[in-house]
Amino acid sequence: YAEAMYRSLLLAVSRGSAVRRAVTGLPVARRVVDRFVAGEHAEDALAVTRRLTSAGLAVTIDHLGEHAADAAAAARTAKAYLVLLDMLAPLGLGERAEASVKLSALGQTLGPDGEAVALGHARQICAAARAAGAAVTLDMEDHTTVDSTLRVLRRLRADFPETGVAIQSRLLRSEADCRDLAREGARVRLVKGAYAEPPSVAHQSRSAVDRAYVRCLRTLMEGNGYPMVATHDDRLIAVAAALAARAGRGRDGYELQMLYGVRPARQRVLAHAGHTVRVYLPYGADWYDYFARRLAERPANLAFFLRSLTSV
Ligand code: FAD
């Protein structure tokens with residue numbers, strides 16, 4: 001439970017506007033953030049994409065930002081994706097590059113029409129992704145957004161069945177969601193979950209989250225869809241490989257995913273061993289919330305950040 005407390009505390013502190021101002025104002029923060037973020041512009045994301053794909057990795061590119069403040073902000077985010085995908089198309093990377101999208105950045109939480117607004121933007125992004133030979137995966141945000149995100153996913157999949165979604169093993173509902181999505185044949189990115197969630201909806205201990213992850217994995221591997229195993233946890237990666245083999249899936253029947261800047265050497269080793277390894281690659285100016293979650297999920301990341309502050 002110390003783990004859950006650390007996560008909740010850090011996420012709570014980081015949400016304070018004074019802390020946000022202090023951290024984003026630090027010149028040194030930029031260097032530390034660069035470990036986890038490709039840069040501010042689409043060109044930066046494409047340069048890193050070229051580097052990673054020539055090293056045998058696949059990518060899923062995320063334009064940073066969440067909870068659009070208004071309809072104009074949501075439209076700007078959608079536009080940023082369309083520009084990115086237009087620039088990606090000529091690289092001819094096909095399935096080796098895809099896009100990750102947060103529906104809250106597309107307006108999902110903007111009142112009663114928010115979901116429809118986000119769906120409209122997401123449709124355009126899916127169409128642009130398809131034109132680039134790529135797919136879209138919907139990120140999963142906190143538990144209050146899950147029903148809405150799954151509704152949008154199902155609407156999108158009617159026209160773009162290649163669209164995927166992230167499911168968080170931390171949430172109590174996720175085993176049932178995995179069963180439904182596995183039956184429907186969806187691409188599912190299984191993660192532990194990066195948000196602090198209350199006991200009424202989520203497992204609290206690390207071991208309970210891990211055990212739920214294994215149960216979800218088994219369901220996905222035995223189902224009709226395409227499992228995307230997103231974790232840096234070697235034990236769970238080994239379990240995934242064993243469950244895939246038992247379900248008769250070859251190396252092309254599932255993939256591994258990790259975050260940019262987290263265990264980069266391990267990413268290459270797994271790719272050289274013949275796995276499809278996809279790196280989640282964020283870019284954009286709005287890096288603060290993403291960065292705060294990376295600090296919250298791993299005390300070593302916070303230590304790294306603090307060390308860099310004292311070493312200037
Ligand atoms: P952890 O429990 O954090 O770590 C498990 C073990 O992995 C550690 O004990 C250690 O052995 C090893 N490890 C971890 N980091 C390191 C390191 N830096 N160096 C060495 N060993 C390390 N969350 C969401 O809520 N929604 C999303 O849509 C979402 N998308 C994601 C997409 C991808 C591709 C990935 C990788 C994660 C995503 N996440 C998402 C975040 C996820 O929920 C977790 O918060 C995050 O991945 C950390 O959990 P973990 O599975 O890596 O395991």
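Fair warning: this is a prediction, and the values are worked out from it, not measured in the lab.

1. Concerning the overall build of the chain
For step 1, the next point in the chain: Helix and strand content of the chain: 13 helices and 8 strands.
For step 2, the next point in the chain: For a compact globule of 312 residues, the expected C-alpha radius of gyration is about 20 Å, and the chain comes in at 18 Å, within 12% of that figure.
For step 3, the next point in the chain: Overall, the C-alpha framework of the chain stretches about 55 × 45 × 40 Å when taken along its three principal axes.
For step 4, the next point in the chain: Counting all 312 residues of the chain, 43% fall into the buried class.
For step 5, the next point in the chain: Pairs at least 24 residues apart make up 72% of the contacts formed inside the chain by residues separated by at least 6 positions.

2. With respect to the environment of A99
For step 1, the next point in the chain: Position of A99 relative to the elements: it lies in strand β2 (residues 97-101).
For step 2, the next point in the chain: For the pair formed by A99 and T60, sequence separation is 39 residues and the distance between their alpha carbons is 4.9 Å.
For step 3, the next point in the chain: Once residues within four sequence positions are removed from consideration, A99 is found in contact with T60, I61, Y81, L85, I125, A129, A134 and V136.

3. Here's the deal with the site of the ligand
For step 1, the next point in the chain: The environment of the ligand is made up of 22 residues, and the closest members are D139, A166, V191, T231 and H232.
For step 2, the next point in the chain: Elements supplying a minimum of two residues to the shell around the ligand: β4 (164-168), β5 (187-191) and β7 (255-259).

4. As for the UniProt feature "binding site: FAD" (unreviewed entry) in the chain
For step 1, the next point in the chain: Under the UniProt annotation, "binding site: FAD" (unreviewed entry) lies at M140, Q168, K192, G193, A194, T231 and H232.
For step 2, the next point in the chain: Of the residues examined, G193 has 23 C-beta atoms within 10 Å and is grouped as buried.
For step 3, the next point in the chain: Tracing the chain through its elements places T231 in the loop between β6 (226-230) and α10 (234-246).
For step 4, the next point in the chain: When residues no more than four places from it in sequence are discounted, the contact partners of T231 are V191, K192, L236 and I237.

5. Quick word on the confidence of the model for the chain
For step 1, the next point in the chain: Per-residue pLDDT for the chain has a mean of 94; in total, 98% of the residues score no lower than 70.
For step 2, the next point in the chain: For this predicted complex, the interface confidence reaches an ipTM of 0.98, while the overall pTM sits at 0.94.

6. Details of α10
For step 1, the next point in the chain: When the terminal C-alpha atoms of α10 are compared, their 18 Å separation across 13 residues agrees well with the 18 Å that a helix rising 1.5 Å per residue should span.
For step 2, the next point in the chain: G248, located one to two residues past α10, shows a positive phi value of around 75°.

7. Observations regarding the nonpolar core
For step 1, the next point in the chain: Counting 83 residues, the largest nonpolar core has I125, A129 and L190 as its most contacted members.
For step 2, the next point in the chain: Per-domain counts for this core show at least three residues from each of domain 1 (1-36 + 294-312) and domain 2 (39-286).
For step 3, the next point in the chain: Beyond its immediate stretch of four places on either side in the chain, I125 contacts A78, Y81, L82, A99, V101 and V136.

Conventions adopted
Residues numbered from 1 in each chain as written. Predicted model: local features only at pLDDT ≥ 70, side-chain atom pairs only at ≥ 80, totals over all residues. Helix = DSSP H or I, 4+ residues; strand = E, 2+ residues; numbered from the N terminus. Rg over C-alpha atoms; globule rule 2.2 N^0.38 Å. Buried ≥ 20, exposed ≤ 12 C-beta atoms within 10 Å, placed from the backbone. Contact = placed C-beta atoms within 7 Å. Near = placed C-beta within 6 Å. UniProt positions renumbered as here; feature names shortened; annotations may be inferred. pLDDT = per-residue confidence, 0-100. Expected span 1.5 Å × (residues − 1). Core = buried A, V, L, I, M, F, W, Y, C linked by C-beta atoms within 7 Å. Domains from an automatic or database assignment.

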